[in-house]
Amino acid sequence: MEREGERTPRRRGWRADAGFGEVAIGRAREAAGRAAVTVEWIRGDALLMPFAPRSFDLLSMQYPALPKAAGEAAVHALLDAVRPGGVLVAVYHDLDDDHREHMKSRGFDPADYVGADDLAGVLGDDFRIEVHAVEPRIDPPPDTQHIADIVLRARRR
């Protein structure tokens, strides 16, 4: 998000703001350093962040954990940050029944969170879905069960 009087260095015309969970932020900082880009790091709950309406050309959500309990209004507020003509990209693990049960045994029930199909249903007429498909992972980490992801890409009208 742009802050008055603040200039963030850009690369190829893009300015990046990033919000992550604690586990991913270290990896992302390393990647930004290797790419020699400046990123404004935002740590917090994406559903509670005060993003300015229609302020992003791209909203990329990689393996988001958006609780259904927060309600559709919270998800709509997040989606509202995408400008007309802007793109939403959301990537989710393609979970099989065994993995779902494994996650439940660790206290995390995927059914309690907004999935790709749920998100597609929330988009309504404001977005045109361009891709909603299972795609193989390009470079999965070793010893991972996740060999495919569900990719949802939609453009705001």
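Residues numbered from 1 in each chain as written. Predicted model: local features only at pLDDT ≥ 70, side-chain atom pairs only at ≥ 80, totals over all residues. Heavy atoms only, no water.

## Overview of a negative patch on the surface
Applicable threshold: Patch building starts from residues that exceed 30% relative accessible area and form no salt bridge, then joins like charges within 9 Å and nonpolar side chains (Val, Leu, Ile, Met, Phe, Trp, Tyr) within 5 Å. Here the Shrake-Rupley method, with its probe set to 1.4 Å, supplies the accessible areas, and only the displayed protein chains count as covering residues. Only one rule defines a salt bridge in this text: a Lys or Arg side-chain nitrogen within 4 Å of an Asp or Glu carboxyl oxygen. Positive charges come from Lys and Arg alone, negative charges from Asp and Glu alone, with His and the N- and C-terminal ends not counted. A charged residue contributes its charge at one atom only: NZ of Lys, CZ of Arg, CG of Asp or CD of Glu. The helix and strand labels rest on DSSP assignments: H or I over at least four residues marks a helix, E over at least two residues marks a strand, and numbering proceeds from the N terminus. For every residue, the accessible area (1.4 Å probe, protein chains only) is compared with the maximum for its type, and the residue is labelled buried under 20%, exposed over 50%, or partly exposed between those bounds.
On the surface, Asp94, Asp96, Asp97 and Asp98 cluster together into a patch of negative charge. You can see aspartate 97 is positioned in helix 3 (residues 97-105). A relative accessible area of 60% means that aspartate 97 is categorised as exposed.

## Here's the deal with the sheet that holds strand 4 (residues 82-93)
Using the following cut-off: Strands are labelled as partners when DSSP assigns at least two bridges between them. Only C-alpha atoms enter the line fits that serve as axes; for helices the fit covers just the stretch in contact. Angles between N-to-C directions range over 0 to 180 degrees.
Sheet architecture is open: 4 strands sit in the order 3-4-6-5, paired in mixed fashion. Every other strand in the sheet has two partners, leaving strand 3 (56-62) and strand 5 (127-136) as the edge strands with one partner each. Averaged over all neighbouring strand pairs, the angle between strand axes comes to 10°, with direction disregarded. Alignment of strand 5 against strand 6 (residues 148-156), held across 9 bridges, turns out to be antiparallel. For valine 131, the partnering residue across the bridge sits in strand 6 and is arginine 153.

Everything listed here is a matter of geometry and, on its own, says nothing about what the molecule does.
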